[in-house]
Amino acid sequence: MLVDSHAHLLSLEDPAGSVSRAAEQGIGKIISIGTGIESSLATLGFADKYRGVYVSVGIHPHSASSFSEEAMREFEAMAVVPKVVAIGETGLDYHYMNSSREDQIRSFEAHISLARRHGLPFVVHVRDAEDELLSILRAADLGEKPGVIHCFSGNYETAKRYIDLGFFISFSGIVTFKKAEEVRDAAGKIPIERLLYETDSPYLAPVPERGKPNEPRNVVYVARVLSRIRGLSLEKFTSIVFENMTELFAKVSKDRDSLI
C-alpha cells in the first residue's frame, strides 16, 4: 500500500478531489499537516470525512510568532482526538526567518513537550538551523522513536545524526531531482526501517510533474525512485514503508481500507 506521510491537503485547490485521485492510485493513508490553530482545526474537520486521512496538529516555524500558552492549550485538546497521529510540523527555519529565532525555539520546545505528554511523534521542519535544532533535540527527553525529519534534503552524515536520536527520515519529491545526488545517497544508506516518503503537497512536485502543483497521487514517483535506490520491487518497498508508517504513527490502523 502506498502512503503519503506528509501533505497539506487544505492548501490544495481541490482537496476532496485530490483524496479521490490518490485512492485511485492505490494510496491508502495520508497524513495532512496543520500549520496553526485554524488550519489544524480545519484539517481535522476535513479528515473526519475520509477513513484513511489522519492529521498532525501544530504551529509551523514560519508562524512561531503566533505561539502562546493559550494556543498550546488548544493543541492539548486536539492531541487526544483519535484522528490526530502527530504534533507539528514544528522545528526551526533560519532561511526565511518569518518568525524570530527566540519564538521558533520557544514554540519548538513546547511542541516537543506536548508530543511527549501525549505519547505522539512530532514532525520536524528544519532549514539552515541543523546545529541548533540538534542541540535542542539532544537536550530533550525524546523517547525511543520521537518523530520524523520531514522533507529531508541533506546528506547521509546529517541523516545519521537524526537516526542516532531515534528519528525516521522522510523523503519528498526532492529525491527525484537531477541534482539531488546527496539525498539519493542518504536514501540508499539509512536503515530501511527508518525510511518514509511524502509529497509535501502542494509543494515540491516530483519528476515528471515538477513545476506543477503537487498532490498525494504523485507520491508514486517518489516511491519508485526510492525502491530502485534500495534495489527492491515497488511492492516490497512500499510494504516495508507502510509498516514503518504504522509503527511511528501508532494511531494509524493497519487495515488496508480505502481513503474514501
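Above: the structure in question.
Residues numbered from 1 in each chain as written. Predicted model: local features only at pLDDT ≥ 70, side-chain atom pairs only at ≥ 80, totals over all residues. Heavy atoms only, no water.

### Regarding the overall build of the protein chain
Let me state the cut-off plainly: To qualify as a helix, a DSSP run of H or I must reach at least 4 residues; to qualify as a strand, a run of E must reach at least 2; elements of each kind are numbered from the N terminus. For this measure, only C-alpha atoms enter the radius of gyration; the expected value for a globule follows 2.2 Å times N^0.38, where N is the number of residues. For each residue, the accessible area found with a 1.4 Å probe, counting protein chains only, is set against the maximum for its type, and the residue is called buried under 20%, exposed over 50%, and partly exposed in between.
Check the secondary structure of the protein chain and you find nine helices and eight strands. By the compact-globule yardstick of 18 Å for 260 residues, the protein chain fits well, its C-alpha radius of gyration being 17 Å. When the backbone C-alpha atoms are referred to their principal axes, the protein chain occupies close to 45 × 40 × 35 Å. Residue burial in the protein chain is summarised as follows: out of 260 residues, 57% are buried.

### Looking at the sheet that holds strand β4 (residues 84-93)
What counts, and what does not: By this definition, two strands are paired if DSSP reports at least two bridges between them. Axes here mean lines fitted to C-alpha atoms, for a helix over just the part in contact, with angles spanning 0 to 180 degrees between N-to-C directions.
Strand order across the open sheet formed by eight strands is β1-β2-β3-β4-β5-β6-β7-β8, with parallel pairing between neighbours. Each of the sheet's edge strands pairs with one partner strand only, and the pair in question is β1 (2-7) and β8 (195-197). Adjacent strand axes in the sheet meet at a mean angle of 25 degrees, parallel and antiparallel pairs treated alike. By the bridge criterion, five bridges tie β4 to strand β5 (residues 122-127) in an arrangement that is parallel. Following the sheet pairing, Gly-91 is matched in β5 by His-125.

### Things to note about helix α3 (residues 69-78)
Each full turn of the α-helix corresponds to 3.6 residues, which orients residues three or four apart in the same direction. The condition is simple: What the arc measures is the spread of directions leading from the helix axis to the C-beta atoms. In what follows, residue pairs with any heavy atoms lying within 4.5 Å of each other are defined as contacts.
Listing the buried residues of α3 in full gives Ala-71, Met-72, Phe-75 and Met-78. One side of α3 holds all its buried residues, which, seen down the axis, span an arc of 105 degrees. Among the exposed residues of α3, those oriented more than 90 degrees off its buried face are Glu-69, Glu-70 and Arg-73. Structurally, α3 contributes buried residues whose contacts are with α2 (37-47), β3 (53-57), β4 and α4 (101-118).

### So, the pairing of β4
Counted residue by residue, β4 has ten buried out of ten residues, so it is predominantly covered. Pairing analysis gives three bridges linking β3 to β4, with the strands arranged parallel. Bridge pairing links Ser-56 to Ala-86 in β4.

### Side note on the packing of aromatic side chains
Here is the rule we go by: Stacked, tilted and edge-to-face are the three classes assigned to paired rings of Phe, Tyr and Trp, where Trp is represented by its six-membered ring and a pair needs centres within 6.5 Å; plane angles under 30 degrees give stacked, over 60 edge-to-face, the rest tilted. Either the NZ atom of lysine or the CZ atom of arginine qualifies as a charge over a ring when it sits within 6 Å of the ring centre and within 35 degrees of the ring normal.
Enumeration according to the criterion identifies six aromatic pairs in this entry. Taken together, a centroid distance of 5.7 Å and an interplanar angle of 80 degrees make the contact between Phe-122 and Phe-167 edge-to-face. Of this pair, Phe-122 sits in strand β5 while Phe-167 sits in the loop between α6 (156-163) and β7 (168-171), placing them 45 residues apart in sequence. Their ring planes at 80 degrees and their centres at 5.9 Å tell us that Phe-152 and Phe-171 sit as a pair that is edge-to-face. A residue pair is termed long-range when its members are at least 10 positions apart, and Phe-152 in the loop between β6 (147-149) and α6 and Phe-171 in strand β7 qualify at 19 residues. Just as Phe-152 is buried, Phe-171 falls in that class too. Counting every residue linked through ring pairs, the aromatic cluster contains Phe-108, Phe-122, Tyr-162 and Phe-167. Note that Arg-210 overlies the ring of Phe-177, its terminal NZ or CZ placed 3.7 Å from the centroid.

### Some thoughts on the side chain of Thr-238
Considering the arrangement of structural elements, one finds Thr-238 in helix α9 (residues 234-248). Look at Thr-238 and you get buried, because its relative accessible area is 6%. Residues in contact with Thr-238, not counting those within four places in the same chain, are Met-1, Leu-2, Tyr-197 and Ala-223.

### With respect to the pattern of salt bridges
Any two side chains of opposite charge can pair, so long as their charged atoms come close to each other. The cut-off we apply is this: Salt bridges are counted wherever a side-chain nitrogen of Lys or Arg sits within 4 Å of a carboxyl oxygen of Asp or Glu.
Inspection of every chain in the model, using the stated rule, returns 13 salt bridges. Note that Arg-21 and Glu-215 form a salt bridge whose closest N and O atoms lie 2.8 Å from each other. Note that Arg-21 is positioned in helix α1 (residues 15-24) and Glu-215 in the loop between β8 and α8 (219-230), a separation of 194 residues in sequence. Note on Arg-21: relative accessible area 24%, which makes it partly exposed. Here Arg-101 makes a salt bridge to Glu-102, at a shortest N to O gap of 3.9 Å. For Arg-101, a relative accessible area of 37% corresponds to the partly exposed category. Its relative accessible area of 46% is what places Glu-102 among the partly exposed residues. Salt bridges linked by common partners bring Asp-14, Arg-21, Glu-215 and Arg-217 together as one network.

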